[in-house]
Amino acid sequence: MQYWRGPKQTTREAPQDHSDPGIGLPKCRPGPGRKLDLEKEFFSTIMKLKLDLINEDLAFRFMVSSTTASSVFITWIKLMSKELSVLIIWPSKQQVKNTLPACFKKLYPKVRCIIDCFKCFTETPCGLNLVAAFWSEYKHHHTYCGFLNIIEQYDEVMADRGFKIKEDLMMSMAKYCIPPTCTASMQMLPSDVRKTSNIANVRIYVEQAIGRVKGFIF
């Protein structure tokens, strides 16, 4: 397994098929040996994911350079993303409809999904395009979020007021379901109070799911 050094360089350095005896082996310059075995590399990746350790900390713990610690983490994340992607399932609209809890069927039968503010903070990216893509107005920090890429037409998305994605959902012809807003100088109408209460009651499902993720122990 090679360390990830970007798509172009990694592809160029990928091993070739030399099963044909007519093809000679390429001449490669000898390089430094691997600092960690695969088990320790995987363990360092899990430690970074679970404990949010910086590369310098991992480098000290495993007695490698911070550059090596970074390369190990990126390489294993790429591998895990490819191998474990089959475990991430986005149910179809019909599957969601068939498994909606009773409270949703009564109040919000067209809801496709609920989103909340559980995100992973990252270091500030170097490129300006990545900075713009990773910035979260809700968290005021750089985060990952690929949620909008999987929204389909006429989906109904439930969230709280902090998610400023109404315009993005409109571009996908999706509906945004949030609690009504109210200024400090105005009192909420009875209908808005009921709607806020209804949304809070059904959003408990996603809050419970997030709690299970946060409390998960490797």
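Residues numbered from 1 in each chain as written. Predicted model: local features only at pLDDT ≥ 70, side-chain atom pairs only at ≥ 80, totals over all residues. Heavy atoms only, no water.

- Per an unreviewed UniProt entry, the recorded name for the chain is DDE Tnp4 domain-containing protein, and the organism is Pocillopora meandrina.
- Database annotation for the chain, UniProt heading Cofactor (unreviewed entry): "a divalent metal cation". (UniProt positions renumbered as here; feature names shortened; annotations may be inferred.)

## Focus on the sheet that holds strand β4 (residues 156–158)
Here is step 1 of the chain: Across the sheet, three strands lie side by side as β1-β4-β5; this open sheet has parallel pairing. Where the open sheet ends on each side, the last strands, each with one partner, are β1 (111–114) and β5 (175–177). Sheet twist, expressed as the mean angle between neighbouring strand axes with direction ignored, is 30°.
Here is step 2 of the chain: Two strands pair when backbone bridges link them, and β4 and β5 are joined in this way by three bridges, in the parallel orientation. Bridge assignment links M158 to a residue of β5, and that residue is C177. (Pairing = 2+ DSSP bridges. Helix = DSSP H or I, 4+ residues; strand = E, 2+ residues; numbered from the N terminus. Axes fitted to C-alpha atoms, helices over the stretch in contact; angles between N-to-C directions.)

## Observations concerning unusual backbone geometry
Here is step 1 of the chain: Positive phi outside glycine occurs at M63, with the angle close to 55°.
Here is step 2 of the chain: Summarising the element assignment, M63 is placed in the loop between α3 (55–62) and α4 (66–84).
Here is step 3 of the chain: Classification of M63 by relative accessible area gives exposed; the value is 76%.
Here is step 4 of the chain: The backbone phi angle of M173 is positive, close to 60°, even though this residue is not glycine.
Here is step 5 of the chain: You can see M173 is positioned in the loop between α8 (166–171) and β5. (Buried < 20%, exposed > 50% of the residue type's maximum accessible area, 1.4 Å probe, protein only.)

## Observations concerning a nonpolar patch on the surface
Here is step 1 of the chain: Together, L84, V86 and L87 make up an exposed nonpolar region whose accessible area comes to about 330 Å².
Here is step 2 of the chain: For L84, the location among the structural elements is in helix α4. (Patch = residues over 30% accessible without salt bridge, like charges linked within 9 Å, V, L, I, M, F, W, Y side chains within 5 Å. Areas by Shrake-Rupley, 256 points an atom, 1.4 Å probe, with all protein chains shown as cover. Salt bridge = Lys/Arg side-chain N within 4 Å of Asp/Glu carboxyl O.)

## So, the pattern of salt bridges
Here is step 1 of the chain: Tallied over the full model, the rule gives four salt bridges.
Here is step 2 of the chain: For D155, the salt bridge identified is with K93, shortest N-O distance 3.4 Å. Of the two residues, D155 sits in the loop between β3 (141–142) and β4 while K93 sits in helix α5 (residues 93–98), which places them 62 residues apart along the sequence.
Here is step 3 of the chain: Residue classification places D155 among the buried residues on the basis of a relative accessible area of 1%.
Here is step 4 of the chain: Overall, the relative accessible area of 36% leaves K93 in the partly exposed class.
Here is step 5 of the chain: Of the charged contacts, one joins R112 and E152 as a salt bridge, the two residues approaching to 3.6 Å between their closest N and O atoms.

## Points about the confidence of the model for the chain
Residues shown with low pLDDT carry predicted positions that ought not to be read at fine detail.
Here is step 1 of the chain: This prediction gives the chain a mean pLDDT of 77; 71% of its residues lie at or above 70.
Here is step 2 of the chain: The least confident element of the chain is β3, whose mean pLDDT is 48; the most confident is α3, at 94.
Here is step 3 of the chain: Every residue in residues 16–26 is under pLDDT 50, and counting partners more than four places away or in other chains gives five contacts. (pLDDT = per-residue confidence, 0-100. Contact = heavy atoms within 4.5 Å.)

## Digging into the side chain of T45
Here is step 1 of the chain: Here T45 is to be found in helix α2 (residues 38–51).
Here is step 2 of the chain: With relative accessibility at 0%, the residue T45 sits in the buried group.
Here is step 3 of the chain: Residue contacts for T45: discarding those within four places in its chain leaves V72, F73, W76, I77 and M80.

## Some thoughts on the nonpolar core
Here is step 1 of the chain: In this structure, V96, L100, F104, Y108, V111, I114, M158, C177, I199, V202, V206 and I210 together form the largest nonpolar core, which totals 12 residues.
Here is step 2 of the chain: Of all elements in the fold, only β1, α9 (190–202) and α10 (204–214) reach the threshold of two or more residues within this core.
Here is step 3 of the chain: Setting aside anything within four residues of it in sequence, one finds V206 in contact with I114 and D116.
Here is step 4 of the chain: With 11 residues, the next largest nonpolar core counts I115, F147, A159 and F163 among its residues. (Core = buried A, V, L, I, M, F, W, Y, C linked by side-chain atoms within 4.5 Å.)

## Remarks on the environment of T196
Here is step 1 of the chain: Mapped onto the elements, T196 comes out in helix α9.
Here is step 2 of the chain: Put simply, T196 and I178 are 18 residues apart on the chain and 8.1 Å apart in space, counted from C-alpha to C-alpha.
Here is step 3 of the chain: If we ignore the near neighbours within four places in the chain, the residues touching T196 are R161, P179, P180 and M188.

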